[in-house]
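A structural walkthrough
These are the residues of each chain, in order.
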Amino acid sequence: MQATFTIVHDIPGRLRLIIPALYDKKEHGQIQDMFTSIKGIQKVNIEPAIQSMTVHYSKDVINRKIILRFISLFFKQTQFDPLDNIMINIAPAQRKDFFRSLVTGFLILLAYLNNKPGSVPGMLDYAVVISTAYTVLSHGENKLRHPDVLTGIVSMLSIGAGNILQVAMVTWAVNVLELLNDSNKKRILPF
């Protein structure tokens with residue numbers, strides 16, 4: 001079972017936790033209101049950029065164990081995205097791009113396993129090309145300047161249409177590298 005949170009500081013009356021599920025939550029005010037409505041919890045601060053939640057409480061009214069149980073139950077119940085465990089550190093806006101890229105990679109693998117030397121490209125090969133093109137063109141703003149688009153064009157011209165799976169694979173690999181680079185850029189936090 002995956003941990004819902006990690007305790008960073010624990011002093012009587014104050015808990016600070018790292019909760020990975022906070023990264024993609026937008027309802028911080030509602031979460032704070034919900035927890036402060038619990039008798040004994042006085043104040044809740046959420047810092048989504050660092051996935052931190054600080055709980056100030058009256059130790060005479062509520063104990064740490066009960067607070068942790070509430071937090072654990074709440075954040076386990078709010079994990080509806082099946083990709084949460086795989087892509088917890090990827091911004092929600094980028095998850096669609098990564099998912100499309102994963103599907104395309106899987107199709108390329110299937111096409112390679114199905115490919116026989118000297119055979120004519122089949123329906124799966126064309127599906128790979130379409131999926132790769134959609135994956136590459138579905139993210140970013142200036143499509144013609146993206147490295148993966150340029151790689152696809154150059155690969156097609158240099159490798160040739162007869163080697164369409166190789167063109168798709170090279171283009172897809174550059175797309176994955178670009179997505180990882182974008183993900184790292186967005187994860188860098190100024191301190």
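Preceding this section is the structure that the text describes.
Summary of the structure given here.

Side note on the pairing of strand S3 (residues 41-47)
Residues in a regular strand point their side chains to alternate faces of the sheet. With six bridges connecting them, S3 and strand S4 (residues 52-57) associate as antiparallel partners. Looking at the pairing, Ile46 lines up with Met53 of S4. Once S3 ends, the chain turns through four residues before running back antiparallel as S4, passing Gln51 with a positive phi of about 60°.

With respect to a nonpolar patch on the surface
Together, Phe106, Leu109, Leu110 and Leu113 make up an exposed nonpolar region whose accessible area comes to about 410 Å². Along the chain, Leu113 turns up in helix H3 (residues 92-114). Looking at Leu113, the relative accessible area reads 67%, which means it is exposed.

As for helix H4 (residues 123-137)
Given a rise of 1.5 Å per residue, 15 residues ought to cover 21 Å, and the 21 Å separating the end C-alpha atoms of H4 matches this to within 8%. All of the buried residues in H4 are Asp125, Val128, Ser131, Thr132, Thr135 and Val136. In a view along the axis of H4, the buried residues occupy a sector of 125°, so they form one face of it. Seen from the buried face of H4, the exposed residues on the opposite side, beyond 90 degrees, are Met123, Ile130 and Tyr134.

Let's talk about the pattern of salt bridges
What the rule picks out here adds up to two salt bridges. For Arg64, the salt bridge is made with Asp10, and the minimal N-O distance between the two is 2.4 Å. Of this pair, Arg64 sits in helix H2 (residues 64-77) while Asp10 is found in strand S1 (residues 6-11), placing the two residues 54 residues apart along the sequence. By relative accessible area, which is 36% here, Asp10 ends up partly exposed. Note that Asp97 is salt-bridged to Arg100, the shortest N-O span being 2.5 Å. Here Asp97 and its partner Arg100 are both found in helix H3, three residues apart, which amounts to about one turn of the helix.

What about the sheet that holds S3?
Strand order in the open sheet made by the four strands is S1-S2-S4-S3, with antiparallel pairing throughout. The sheet terminates laterally at S1 and S3, the two strands that pair on one side only. Between one strand axis and the next, the sheet turns by 15° as a mean value, whatever way the strands run. Both S1 and strand S2 (residues 14-18) contribute to a ladder of five bridges, which runs antiparallel. The residue bridging His9 from the neighbouring strand is Arg16, located in S2. Helix-sheet contacts for helix H1 (residues 28-36) involve S3 and S4, and the interaxial angle to S3 is about 155°.

Considerations on the nonpolar core
In this structure, Ile19, Met53, Val55 and Ile71 are the most contacted members of the largest nonpolar core, which totals 20 residues. Among the elements of the structure, S2, H1, S3, S4 and H2 are those that each provide at least two residues to this core. Among the elements that make up this core, the one with the highest residue count is H2 (four residues). For Ile71, the contacting residues outside a window of four places in its chain are Thr4, Phe5, Leu17, Ile19, Phe35, Met53 and Val55. Ile108, Ala111, Val128 and Leu165 belong to the second largest nonpolar core, which has five residues in total.

A closer look at the environment of Lys43
With respect to the helices and strands, Lys43 occurs in strand S3. Taking the relative accessible area as the measure of exposure, Lys43 reaches 45% and is therefore partly exposed. In sequence terms Lys43 and Ser58 are 15 residues apart; their C-alpha atoms lie 9.9 Å from each other. With residues up to four places along the chain from it excluded, the contact list for Lys43 reads Thr36, Thr54, Val55 and His56.

The rules we used
Just so you know, the residues in each chain are numbered from 1, in the order the chain's sequence is written. Local features in this predicted model are restricted to residues whose pLDDT is 70 or higher, and side-chain atom pairs enter the listing and the counts only when it is 80 or higher, whereas totals over whole chains, interfaces and linings include all residues. For side-chain calculations, the full set of non-hydrogen atoms in the structure is used, while hydrogens and water are omitted. When DSSP finds two or more bridges between two strands, those strands count as paired. Helix and strand assignments come from DSSP, with helices taken as H or I runs of at least 4 residues and strands as E runs of at least 2, each series counted from the N terminus. Each patch groups residues whose relative accessible area exceeds 30% and which form no salt bridge, using 9 Å between like charges and 5 Å between nonpolar side chains of Val, Leu, Ile, Met, Phe, Trp and Tyr. The Shrake-Rupley method, run with a 1.4 Å probe, gives the accessible areas here. Residue values count only the displayed protein chains as cover. Between Lys or Arg on one side and Asp or Glu on the other, a salt bridge is scored when a side-chain nitrogen of the former is within 4 Å of a carboxyl oxygen of the latter. Using a 1.4 Å probe on the protein chains alone, a residue whose accessible area is under 20% of its type maximum counts as buried, one over 50% counts as exposed, and one in between counts as partly exposed. Multiplying 1.5 Å by the helix residue count minus one yields the expected span of that helix. Directions from the helix axis toward the C-beta atoms define the arc. Throughout, an axis means a line fitted to C-alpha atoms (over the contacting stretch in the case of helices), and angles, computed between N-to-C directions, take values from 0 to 180 degrees. By the convention used here, residues are in contact when the closest approach between their heavy atoms is within 4.5 Å. Residue types Ala, Val, Leu, Ile, Met, Phe, Trp, Tyr and Cys, when buried and joined through side-chain atoms within 4.5 Å, form a set referred to as a nonpolar core.

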